[in-house]
Amino acid sequence: MLEIRGLDVYYGAVHALKGVSVRVEQGEVVTLIGANGAGKTSLLRAISGLVKPRAGSLKFEGRELGGMEPHDIVKLGLSHAPEGRQIFANMSVHENLELGAYLRKDSRGVHDDQERIFTLFPRLREREKQGAGTLSGGEQQMLAIGRALMSRPRLLLLDEPSLGLAPILVREIFKTIREINQDGMTVLLVEQNAHLALKAANRGYVLETGTVKFEDEASRLASNEEVRKAYLGG
Amino acid sequence: MDAHLQTFIQQLLNGVVWGSIYALIALGYTMVYGILRLINFAHGDVYMFGAFMGYYAARLFHVDQRPGVMGTILVFACSMAAAGLLGFLIERGAYRELRKGSRTVAYMIIGTAIFAAFNGAALHLAGGAAVLFGAAGFVAGGIGGVFLERNKRHAPSTSRLTALITAIGVSLLMENGGLLVFGADPKFFPQILPSRELNLGGIMVNSSLLIVLGVALFLMFALRFLVMHTRAGKAMRAVSFNRDAASLMGIPTDHIISLTFVGGSMLAAAAGILVGLANPKIDPLMGIMPGLKAFVAAVLGGIGNIPGAVLGGLIMGISETLVVAYVSSTYRDAIAFALLILILLVRPAGLLGTHVAEKV
């Protein structure tokens, strides 16, 4: 479904990704783990068109994404819940979800999808008319995921959904990610919490200073001695 | 009614009328700032351009000979459409190129502007010589731009300073272009609506003042409705809050930025015609002072904040009129900046602005 080959990304003079190759198949949950600054977020930003790669190819369902504008990439069925949630804090929960469906013209389908998201995250329903900036961190994360789902993507990119959340909320978010996946959504998940990420994923990649260090089935990565030492606390 | 009170109310009404004109211009500044974090210094000149387009439309369609409502609507429509197009071209030609990392166009504009300014100020050239001089500036700026563009050490050009200087360049270009095309002599804006003095409970009011106020209020509420309740307006708010996140929603951010320039320019053009109704003298440099004051009004209210721009404009108009009436007309322009300093000392983010931490 998503095929990335030899991707090079620079931020000014900083070489953020060096020849990264990653593959995501239909129906999978694939996770990217690694330390801060390893290039996980850069990879997601390159996929959704926020940064232009200098070299390499990015193919989504056979179409080359390199050089496309972010809004055209969304049209192809790819949705990105960015790092730090980045919800529109000056708007209501409802308006945030509405913006998630910006490209859709089927108002009935949009309404049904909003209902589906409220079933997934009942707390958002209670806060529908509330300003998104007044939500708690966990609720904001739910909104960020819900908003990304509103465009009806086939591939969902999630950047650090556990960031800054209490353990109980983290478990809740991960449970929802599995539910979404069981409904047929393909997920590319970036996480610092390697333990949980490897549990939720089918396959995983370990990124280190802009290169892929390991790539394997999630269960095998979780038992890999080096990965355990570096990312799972022994 | 007490004569003093009557004068006061009359002055207050004048102030509100001027204030609503400042507010219309300030809205354009604040909308563009909200979306691009750029002070579009050419905005005051778009207001001037709007006034001239209104002037020519009125002459073209003979509204000056047969004043009336339909004719007036036609004048507004023509002028706002022309100014909207101009705003679109300014964004497209100057600022978008800069945003995408190309400086060439910016240098061309700055080059033309500098040469045009020289021409206007120092050399007293006219007609063909002025055009030639401007063209020389354009070419010189362009060559400089291409040269620097090649030299990649100067490459990181998304700098706000470059954008700001380009904005000043666009402004100078338009002022000098205006002098060239429209001529330096002031023109009298024709009377496009019949006007008469009305007596409202002892207060004498010219009907055109009420029309200015009514149109300004209508446009402000129309803008508020568009921004709050339409799909494009929501997209505009989203882009202004977080451009990257907005593009991830599938919002074509460049189109929304264009739309913002078009909308702001249309409001400025309307303000230009309204000034023509209230104070019928227009010239190519008429945009400088009101543009500056409207900018101050936008900052006063909290730049990037739409109700803030309206509030700032009203405060500016009212205090200016009252100072002229009760203190001295000498201080007319000084009051704007005195107010700015005063309010920024107490509320650095402006009256309705909220302090936003700079994103790194």
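The structure under discussion appears in the preceding block.
Turning our attention to the pattern of salt bridges. Considering all chains together, one arrives at 28 salt bridges over all chains under this definition. A salt bridge links Glu95 of chain A to Arg237 of chain B, with the shortest nitrogen-to-oxygen separation between them at 2.9 Å. Within this pair, whereas Glu95 of chain A is found in helix α3 (residues 93-100), its partner Arg237 of chain B is found in helix α8 (residues 231-241), the two belonging to separate chains. Just as Glu95 of chain A is buried, Arg237 of chain B falls in that class too.

All names here are of chain B. A grouping of Leu5, Phe8, Ile9, Tyr326, Val327 and Tyr331 is seen on the molecular surface, where their side chains present a nonpolar patch of about 570 Å² in accessible area. Structurally, Tyr326 can be placed in helix α12 (residues 306-326). Taking relative accessible area as the criterion, Tyr326 reaches 46% and is therefore assigned partly exposed.

All names here are of chain A. Strand order in the open sheet made by the 4 strands is β2-β1-β4-β5, with antiparallel pairing throughout. Of all the strands in the sheet, just β2 (14-24) and β5 (63-64) have a single pairing partner and so form its edges. Most of the contacts of helix α1 (residues 40-47) go to strand β1 (residues 2-11), to which it runs at about 110°, and overall it touches β1, β2 and β4 (55-60).

Moving on to the interface of chain B and chain A. Chain B puts 18 residues into the contact, and the matching count from chain A is 22 residues. Summing both sides of the interface, chain B and chain A together bury roughly 1,900 Å²; the carbon and sulfur share of this comes to 61%. Counting the surface chain B buries against chain A, the share from its top three residues, Arg231, Leu248 and Met249 of chain B, is 37%. Connecting chain B to chain A are 3 salt bridges. A salt bridge links Asp244 of chain B to Arg45 of chain A, with the shortest nitrogen-to-oxygen separation between them at 3.3 Å. Our count for the chain B to chain A interface comes out at 5 residue pairs in polar contact (both at pLDDT 80 or more). Those elements that place two or more of their residues in the side of chain B that touches chain A are α8 and α9 (243-248) of chain B. When residues of the side of chain B that touches chain A are assigned to their parent elements, the largest contribution, 6 residues, is made by α8 of chain B.

Turning to the packing of helix α1 (residues 3-36) of chain B against helix α11 (residues 288-301) of chain B, a few remarks are in order. All names here are of chain B. Packing of α1 against α11 leaves a shortest axis separation of 8 Å and a crossing angle of 70°. Classified by the angle their axes make, α1 and α11 are roughly perpendicular. For the crossing formed where α1 meets α11, the hand is right-handed. Across the interface between the two elements, Tyr22, Ile25, Ala26, Tyr29 and Thr30 of α1 pack against Pro290, Gly291, Leu292, Lys293, Ala294, Phe295, Ala297 and Ala298 of α11.

Definitions and cut-offs
Residues numbered from 1 in each chain as written. Chains lettered and ligands numbered in written order. Predicted model: local features only at pLDDT ≥ 70, side-chain atom pairs only at ≥ 80, totals over all residues. Heavy atoms only, no water. Salt bridge = Lys/Arg side-chain N within 4 Å of Asp/Glu carboxyl O. Helix = DSSP H or I, 4+ residues; strand = E, 2+ residues; numbered from the N terminus. Buried < 20%, exposed > 50% of the residue type's maximum accessible area, 1.4 Å probe, protein only. Patch = residues over 30% accessible without salt bridge, like charges linked within 9 Å, V, L, I, M, F, W, Y side chains within 5 Å. Areas by Shrake-Rupley, 256 points an atom, 1.4 Å probe, with all protein chains shown as cover. Pairing = 2+ DSSP bridges. Contact = heavy atoms within 4.5 Å. Axes fitted to C-alpha atoms, helices over the stretch in contact; angles between N-to-C directions. Buried area = accessible area lost by both parts, 1.4 Å probe. Polar contact = N/O pair within 3.5 Å; in protein donor to acceptor, adjacent residues only side chain to side chain. Parallel < 35°, antiparallel > 145°, perpendicular 65-115°, else oblique. Left-handed = near helix turned anticlockwise from the far one by under 90°.

The values are spatial; any link to function lies outside them.
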